[in-house]
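Listed below, chain by chain, are the residues.
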2 protein chains.
Amino acid sequence: MYIPTFDDMLVAHERIKPYIHRTPVLTSGYFNELTGAELFFKCESFQKAGAFKVRGASNAVFGLSDEEAENGVCTHSSGNHALSLSYAAGRRGIPCNVVMPRTAPEAKKAAVRGYGGTITECEPSTSSREEVFAKVQAATGGNFVHPYNDPRVIAGQGTCSRELNEQVEALDAVIAPIGGGGMISGTCLTMSNLAPDVKIYAAEPEQADDAYRSFKAGHIIADDAPDTVADGLKVPLKDLTWHFVSNHVTDILTASEQEIVDAMRMIWARMKIVMEPSSAVPLATILKNKDVFAGKRVGVIITGGNVDLDKLPWMNN
Amino acid sequence: MYIPTFDDMLVAHERIKPYIHRTPVLTSGYFNELTGAELFFKCESFQKAGAFKVRGASNAVFGLSDEEAENGVCTHSSGNHALSLSYAAGRRGIPCNVVMPRTAPEAKKAAVRGYGGTITECEPSTSSREEVFAKVQAATGGNFVHPYNDPRVIAGQGTCSRELNEQVEALDAVIAPIGGGGMISGTCLTMSNLAPDVKIYAAEPEQADDAYRSFKAGHIIADDAPDTVADGLKVPLKDLTWHFVSNHVTDILTASEQEIVDAMRMIWARMKIVMEPSSAVPLATILKNKDVFAGKRVGVIITGGNVDLDKLPWMNN
């Protein structure tokens, strides 16, 4: 297992700069007052392809030699990694094959196709996903870019908190959602080098709390098919992300489905950011654990903005 | 009639800095490709109180002497000026009375109340609004801060394009929505001094095209009660804004209701910005007039983000 280094992150940042936005950091007097903390929202919802995942995907795609890139790339993903990899592959002009659960949001599937990716659908479980993916990979021979358990991807995701650290002085903590742990691992990689005193918190849906249980148990616990409105956070930790989570994360906090939807709607209404449910989990956990964050300067990573505008969660209730 | 000067704008910017955000400029490869132009979106949707109007309102409120501020401030507004003035008055600790059409979005009324403003409702016509306002002003004795035909307000709105001009080099044009003309007048004030070669375009709904007809006729034409999804743009030009529009605007372009809603949805879906229908009118007109903007570097002012999240226009269709 190769563990990506701080230098890998620096190389990644140079490599991907032409293909990503340096996303803005927004603040809200309303949320500062409500939480008692100073919150700095790093808005990866405004990132190219609508999510931070384009950082890791671009690093993988543009780091391939011409020979390695010949058969294109392939992956499985609940959505944002699929469309980010399609975007990056399209920019390089190589094929991209992705396996997506048939239940993934239509907006994400449409975006994959829009960027030129080819979708093969699977059932919404880890076992089905891995089985279908093995067939697709065998048929295409593409370079496998895992959505998070890949050193190239983690080095790419780490560029987000490098920017955040430049944009905001003297952070006390950073909080990001956790699914497979790619963003959190990149955050650990970068902050443990640049600002080792900054505490790293991960935020997870109660209904997909395998990372929380893993963290408490001291080893990886994986669920096959958790169900949550936070569709980006259903996947389990793997060895590489577990390395970063177990070594660098201060705590994992959880929130209920209703708390996630409430936080999502509050951010839309107050901060005018179109963001997906996964991105609301950090604020939902801050609102539940005000004592942990009060008086602190906290970076909050808004991971993505790819939602179906016809199916907003507060409209189905 | 006192016409605000470039120095008034500079003084305004210093005065209001503690009460406003320096909003980010976002770009979109998708929209650049679609329009053939290079678009730079100045996102006042992320402004405090959710709209650029907080600039002019704060300048008026914080420019009052203690004696002038004694009875607070009052105004009439379709929404964003009302809540911006309430926000600014709240920050100064003085009362704010506003007359709003009973048909104004609930989100805007709730925000006014949230900032401590007091609402008196009127019918959705200019005549009713002015009649009800005269009574409120007589009863409260508040300092009248007109939503746009006020030199303090125009000087404040001009600070937006000052920032835009610092954030983006070598603009060829700036486009903003036009209702009463406050933002456009501030833009003219600033750009005619800082970058006089930059063309200023105004964008207006076809169904409330009084500014367009005024511009073509060479004198102010006012409609009493136009109806458009762009609820911020129903008010007519007045003498002060007509001065700027008639002297500095290159052209006024219009878009249909469907074109406005389509452009709004595209910006939500692609750029992940919660913005109100009025803010989509510039992009709608750019998409209709690609030849005017192709090859140009164009600042597009996204004026505000205060919408009812339960009543999005594509959901009522």
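Residues numbered from 1 in each chain as written. Chains lettered and ligands numbered in written order. Predicted model: local features only at pLDDT ≥ 70, side-chain atom pairs only at ≥ 80, totals over all residues.

Engineer: Tell me about the overall build of chain A, and please be specific about residues and values.
Structural biologist: When helices and strands are tallied, chain A shows 14 helices and 10 strands. For a compact globule of 317 residues, the expected C-alpha radius of gyration is about 20 Å, and chain A comes in at 18 Å, within 12% of that figure. C-alpha extents for chain A along the principal axes are approximately 55 × 45 × 40 Å. A total of 317 residues make up chain A; the buried ones form 58% of that total. For chain A, restricting intrachain contacts to residue pairs at least 6 apart in sequence, the fraction spanning at least 24 positions comes to 76%. (Helix = DSSP H or I, 4+ residues; strand = E, 2+ residues; numbered from the N terminus. Rg over C-alpha atoms; globule rule 2.2 N^0.38 Å. Buried ≥ 20, exposed ≤ 12 C-beta atoms within 10 Å, placed from the backbone. Contact = placed C-beta atoms within 7 Å.)

Engineer: How would you explain the interface of chain B and chain A if you had to name every residue and give the values?
Structural biologist: Each partner contributes to the interface: chain B provides 17 residues, whereas chain A provides 17 residues. If you tally residues by element for the side of chain B that touches chain A, the top one is helix H11 (residues 257-271) of chain B, at four residues. Class assignment for the residues of the side of chain B that touches chain A results in 10 nonpolar, four polar and three charged. (Nonpolar A, V, L, I, M, F, W, Y, C, P; charged D, E, K, R; others polar.)

Engineer: Could you give an account of the domain arrangement of chain A, naming the residues involved and the relevant values?
Structural biologist: Residue and element names in this part refer to chain A. Taken domain by domain, chain A consists of domain 1 (6-51 + 150-316) and domain 2 (54-144). The straight-line distance from the C-alpha centre of domain 1 to that of domain 2 is 22 Å. Counting residues at the interface gives 31 residues for domain 1 and 26 residues for domain 2. Elements with a minimum of two residues in the side of domain 1 that touches domain 2: helix H1 (6-16) and helix H7 (151-167). (Domains from an automatic or database assignment.)

Engineer: Any details on the relation of the copies chain B and chain A? Residues and values, ideally.
Structural biologist: Note on the copies: chain B fits chain A at an RMSD of 0.0 Å, the axial shift is 0.0 Å, and the rotation between them is 180°. On the angle and the small slide along the axis, the relation comes out as a two-fold axis. Interface overlap between copies: 100% of the residues of chain B at the interface are likewise at the interface in chain A, consistent with a symmetric, same-surface contact. (Least-squares fit on C-alpha atoms with pLDDT ≥ 70 in both.)

Engineer: Help me get a handle on the sheet that holds strand S9 (residues 249-255) of chain A, residues and values and all.
Structural biologist: Residue and element names in this part refer to chain A. Read across the open sheet, the six strands follow the order S1-S2-S10-S7-S8-S9; overall the sheet is mixed. With one partner strand each, in any of the chains shown, strand S1 (25-26) and S9 form the two edges of the open sheet. Pairing of strand S7 (residues 173-177) with strand S8 (residues 199-205) involves five bridges; the strand directions are parallel. When the bridges of S8 are listed, Ala176 appears paired with Ala202. (Pairing = 2+ DSSP bridges.)

Engineer: Talk me through the confidence of the model for chain A; I want residue IDs and the actual numbers.
Structural biologist: Taken as a whole, chain A shows an average pLDDT of 95; of its residues, 99% reach a score of 70 or greater. Interface predicted TM-score (ipTM) for the complex: 0.92; the corresponding pTM is 0.94. (pLDDT = per-residue confidence, 0-100.)

Engineer: Pulling in residues and values, what's your account of the sheet that holds strand S8 (residues 199-205) of chain B?
Structural biologist: One open sheet accounts for six strands, arranged S1-S2-S10-S7-S8-S9 (chain B); its pairing is mixed. Each edge of the open sheet is held by one strand with a lone partner, namely strand S1 (25-26) and strand S9 (251-255) of chain B.

Engineer: Give a description of the packing of H11(B) against helix H12 (residues 277-288) of chain B that names residues and reports values.
Structural biologist: Residues and elements named next belong to chain B. For the pair H11 and H12, interaxial distance at closest approach is 7 Å and the crossing angle is 100°. One way to sum up the angle between H11 and H12 is to call them roughly perpendicular. Residues Glu259, Ile260, Val261, Ala263, Met264 and Ile267 of H11 form the contact with H12, whose own contacting residues are Pro277, Ala280, Val281, Leu283, Ala284, Leu287 and Lys288. For the contact of H11 with H12, the residue count by class is 11 nonpolar, no polar and two charged. (Axes fitted to C-alpha atoms, helices over the stretch in contact; angles between N-to-C directions. Parallel < 35°, antiparallel > 145°, perpendicular 65-115°, else oblique.)

Engineer: I'd like a rundown of the packing of helix H3 (residues 53-63) of chain A against H7(A), residues and numbers included.
Structural biologist: Residues and elements named next belong to chain A. Taken N-terminus to C-terminus, the directions of H3 and H7 make an angle of 130°; their axes are 7 Å apart at the nearest point. Judged by the angle between their axes, H3 and H7 are oblique. Between H3 and H7 lies a crossing whose hand is right-handed. Taking contact as the criterion, the partners of Arg55, Gly56, Ser58, Asn59, Ala60 and Gly63 in H3 are, on H7, Arg152, Val153, Ile154, Ala155, Gly156, Gln157, Thr159 and Cys160. Taken together, the residues of the contact of H3 with H7 break down into five nonpolar, seven polar and two charged. (Left-handed = near helix turned anticlockwise from the far one by under 90°.)

Engineer: Account for H1(A), naming residues and giving values.
Structural biologist: Residue and element names in this part refer to chain A. All of the buried residues along H1 are Asp8, Met9, Ala12, His13 and Ile16. The buried residues of H1 occupy an angular sector of 140° when the element is viewed end-on, so they sit on one face. Projecting away from the buried face of H1 at angles above 90 degrees are the exposed residues Asp7 and Glu14. (Arc of directions from axis to C-beta.)

Engineer: For the pairing of strand S10 (residues 297-302) of chain B, give the residues involved together with the corresponding values.
Structural biologist: Residues and elements named next belong to chain B. Within S10, five of the six residues are buried, leaving the element largely enclosed by the surrounding structure. Bridge count between strand S2 (residues 38-43) and S10: six bridges; the pairing is parallel. Residue Phe41 lies in a different strand from S10, and its bridge partner there is Val300. Of the strand pairs in this sheet, strand S7 (residues 173-177) and S10 are connected by three bridges, and their pairing is parallel. By the bridge assignment for S10, Val174 is matched with Gly299.

Engineer: Tell me about unusual backbone geometry, and name the residues and values.
Structural biologist: Phi is positive for A:Ala170, close to 55°, though the residue is something other than glycine. One can find A:Ala170 in the loop between H7 and S7.

Engineer: Give me the lowdown on the environment of A:Ala294, citing residues and values where you can.
Structural biologist: Counting through the fold element by element, A:Ala294 comes out in the loop between helix H13 (290-293) and strand S10 (297-302). In contact with A:Ala294, not counting residues within four places along its chain, are A:Gly36 and A:Ala37.

Engineer: Tell me what's going on with the pairing of strand S4 (residues 96-101) of chain A, and back it up with residues and numbers.
Structural biologist: Residue and element names in this part refer to chain A. With respect to burial, S4 is a largely interior element, six of its six residues being buried. Burial of the side chains of S4 extends over both faces: Cys96, Val98 and Met100 are buried on one face and Asn97, Val99 and Pro101 on the other. In terms of strand pairing, strand S3 (residues 73-76) meets S4 through four bridges, oriented parallel. Opposite Val73, over in S4, you have Cys96 as the bridge partner.

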